[in-house]
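Here is what each chain is made of, one letter per residue.
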Amino acid sequence: MRDVVVDYKRAGQPPVRAVAGVDLDVPEGTVVGLVGETGCGKSTLARAMVGLVPLASGTVTFDGAEVAPIGRRSRSPELRRLQMVFQDPASSLNPRRKVGVQLQTAVDLSGSDRGDRGARVRELLDLVGLPAAAAERFPHEFSGGQRQRISIARALAARPRLIVADEPIAALDASAQAQIANLLVELSRELSLSLVFISHDLSIVRQVADVTAVMYLGKVVESAPTRPLWEAPGHPYTRALTGAVPRVGRPGDLPAELPGDVPDPAQPPSGCRFHPRCPVAVERCRTEDPVAVTAPGRVSYCWLTDWSTTTERIPVERP
Ligand SMILES: Nc1ncnc2c1ncn2[C@@H]1O[C@H](COP(=O)(O)OP(=O)(O)OP(=O)(O)O)[C@@H](O)[C@H]1O
């Protein structure tokens, strides 16, 4: 994604700039975690990634092809290999059709399999840990975790190279959460596919993501390999978020040590968007939008990030 901007228009009101200029790379075979407080634009970014919302500006490319919004023209076979899994499997599955029929339709649409469709459906169910008999049942006959497995099987029908999973575990109970997170990561390794894993649950992202990107008010403010991001965050917002785990409360609650509310994205603060809540902001942060401060594999958008002092705190790996 390069300089991606997404606006939501509202009648009689200024538009909401839900994504305000994001650069993000998802390297092949990598699990990228996307975190941030509620309302910071994670879902919108995910939708922009797969062409489900139009961009106000910027570009999204996948394997060299531009991802055009769905509906403007039919999806090329290459772009079918870019799939999305949603939070609520119940709303993305058809309650009146048997699971096997829905998976067959997905296989047919993908155009990737001309052989035995039944065998492919059984293979898909097996990949997500469900028995072949599941094909003969309806979605409501399954638990939430099993339904999410079915949604994942449907996404896999297209033989994707990238799956964008938007809060895939938020609606599940605790044991199903871990199972589904693990399933997605195992599948990404087994099938060499890239995964964007969006979650409020920072501790799960910490466990599953190779790289973590942190969003605040429509921007990615920091991204880095997961371990250094946690052990030596470069951005004050990342420090606040990571310092807030584990904590009791609703997922997506504000970190305790951050004062104030997330500002309205229709009227973002001047300069660095985080400055009104930042414990270390200086005058420049109020007026100038921070530029990227990079280190190998890492980027932070903060005037005060200094990798020479930040990374010293990463402990040396012992064999
Ligand atoms: N259809 C819409 N019309 C107007 N504003 C919207 C619309 N969808 C989202 N927004 C606004 O865009 C901003 C980003 O929302 P988005 O859902 O992308 O954030 P999020 O980080 O995924 O939040 P959550 O974790 O709660 O899903 C929010 O301020 C939200 O209110």
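Scope of this entry: the structure provided in the associated data block. Everything quoted here is computed from the prediction, not taken from an experiment.

1. As for the sheet that holds strand S2 (residues 13-22)
Strand order across the open sheet formed by three strands is S2-S1-S4, with antiparallel pairing between neighbours. At either margin of the open sheet sits one strand with a lone partner, and together these are S2 and strand S4 (57-59). The mean inter-strand angle of the sheet, taken between neighbouring strand axes irrespective of direction, is 30°. Here two bridges tie strand S1 (residues 2-10) to S4, and the two strands are oriented antiparallel to one another. Bridge pairing in S4 links Arg 2 to Thr 59. Helix-sheet contacts for helix H1 (residues 42-49) involve S1 and S2, and the interaxial angle to S2 is about 70°.

2. Structural notes on the environment of Ala 135
Looking at the element boundaries, Ala 135 is found in the loop between helix H4 (117-127) and helix H5 (144-156). Here the alpha-carbon distance between Ala 135 and Leu 103, two residues 32 residues apart in the chain, equals 8.3 Å. Apart from the residues lying within four places of it in its own chain, the contact partners of Ala 135 are Lys 98, Val 99, Gly 100, Leu 103, Val 121 and Leu 125.

3. Quick look at the site of the ligand
Of all residues adjacent to the ligand, which total 14 residues, the nearest are Tyr 8, Ala 18, Thr 38, Ser 43 and Thr 44. Take the shell around the ligand: its biggest share by element is three residues, from H1. Grouping the constituent residues of the shell around the ligand by class yields five nonpolar, seven polar and two charged.

4. Observations concerning helix H3 (residues 99-110)
Here H3 contains 12 residues, and its C-alpha end-to-end distance of 17 Å stays within 8% of the 16 Å for a straight helix at 1.5 Å per residue. Looking at H3, one finds that the buried residues are Val 99, Gly 100, Gln 102, Leu 103, Gln 104, Ala 106 and Val 107. Those residues of H3 hidden inside the fold are in contact with H4 and H5. A positive phi of about 65° marks Gly 111, the residue just after H3.

5. Let's talk about the environment of Glu 141
Note that Glu 141 resides in the loop between H4 and H5. For Glu 141, a count of 12 C-beta atoms within 10 Å corresponds to the exposed category. Once the C-alpha coordinates of Glu 141 and Pro 95 are considered, the two residues, 46 residues apart in sequence, prove to be 9.8 Å apart.

6. A short note on the sheet that holds strand S10 (residues 211-216)
Read from one edge to the other, the open sheet built from eight strands follows the order S7-S8-S9-S3-S10-S11-S13-S12, with strand pairing classed as mixed. At either end of the open sheet lies a strand with only one pairing partner, and these are strand S7 (82-85) and strand S12 (292-295). Each strand of the sheet is rotated relative to its neighbour by a mean of 20°, with strand direction disregarded. One ladder, built from two bridges, connects strand S11 (residues 219-225) with strand S13 (residues 298-301); its direction is antiparallel. Opposite Ser 223, over in S13, you have Val 299 as the bridge partner. Packed onto the sheet, helix H9 (residues 236-243) meets strand S3 (31-35), S10 and S11 and runs at close to 105° relative to S10.

7. Quick word on the pairing of S2
In this structure, S1 lies alongside S2, joined through six bridges in antiparallel fashion. Opposite Asp 7, over in S2, you have Arg 17 as the bridge partner. The antiparallel hairpin formed by S1 and S2 contains two residues in its connecting segment, where Gly 12 sits at a positive phi of about 70°.

8. Observations regarding the nonpolar core
The biggest cluster of nonpolar side chains holds 83 residues, and the ones touching the most others in it are Val 196 and Phe 197. The residues touching Phe 197, leaving out its near neighbours within four places in the chain, are Val 31, Gly 33, Ala 165, Leu 184, Val 205, Val 208 and Ala 209.

9. Description of the packing of H3 against H4
Viewed as axis vectors pointing N to C, H3 and H4 meet at an angle of 110°, and their least axial separation amounts to 9 Å. Our classification of the angle between H3 and H4 gives roughly perpendicular. Between H3 and H4, the contacting residues are Gly 100, Leu 103, Gln 104 and Val 107 on the first element and Arg 117, Arg 120, Val 121 and Leu 124 on the second. Grouping the amino acids of the contact of H3 with H4 by side-chain chemistry returns four nonpolar, two polar and two charged.

10. Quick word on H4
Taken residue by residue, H4 has Arg 120, Val 121, Leu 124 and Leu 125 as its buried positions. All buried residues of H4 lie within an arc of 140° about the axis, which places them on one face of the element. Here the buried face of H4 lies against H3 and H5. A positive phi of about 80° marks Gly 129, the residue just after H4.

Scoring rules and cut-offs
Numbering of residues begins from 1 in every chain and follows the order in which that chain's sequence is written. For this predicted model, a pLDDT threshold of at least 70 governs which residues receive local features, and a threshold of 80 or more governs which side-chain atom pairs are given and counted, while totals over whole chains, interfaces and linings are taken from all residues. At least two bridges found by DSSP between two strands are what make those strands a pair. By definition, any uninterrupted DSSP run of H or I lasting at least four residues is a helix, any uninterrupted run of E lasting at least two residues is a strand, and each is numbered from the N terminus. Only C-alpha atoms enter the line fits that serve as axes; for helices the fit covers just the stretch in contact. Angles between N-to-C directions range over 0 to 180 degrees. A pair of residues counts as a contact when their C-beta atoms, built from backbone coordinates, are within 7 Å of each other. Whether a residue is near a molecule or strand depends on its C-beta atom, placed from the backbone, lying within 6 Å of it. Under this grouping Gly is polar, as are all residues other than the nonpolar Ala, Val, Leu, Ile, Met, Phe, Trp, Tyr, Cys and Pro and the charged Asp, Glu, Lys and Arg. To estimate the expected span of a helix, subtract one from its residue number and multiply by 1.5 Å. Three exposure classes are used, all based on how many other C-beta atoms lie within 10 Å of a residue's own C-beta (placed from the backbone): buried at 20 or more, exposed at 12 or fewer, and partly exposed between those limits. In this usage, the nonpolar core is the set of buried Ala, Val, Leu, Ile, Met, Phe, Trp, Tyr and Cys residues whose C-beta atoms join them within 7 Å. When describing relative orientation, an angle under 35 degrees is termed roughly parallel and one over 145 degrees roughly antiparallel, while 65 to 115 degrees is termed roughly perpendicular and anything else oblique. By construction, the arc corresponds to the directions joining the helix axis to the C-beta atoms.

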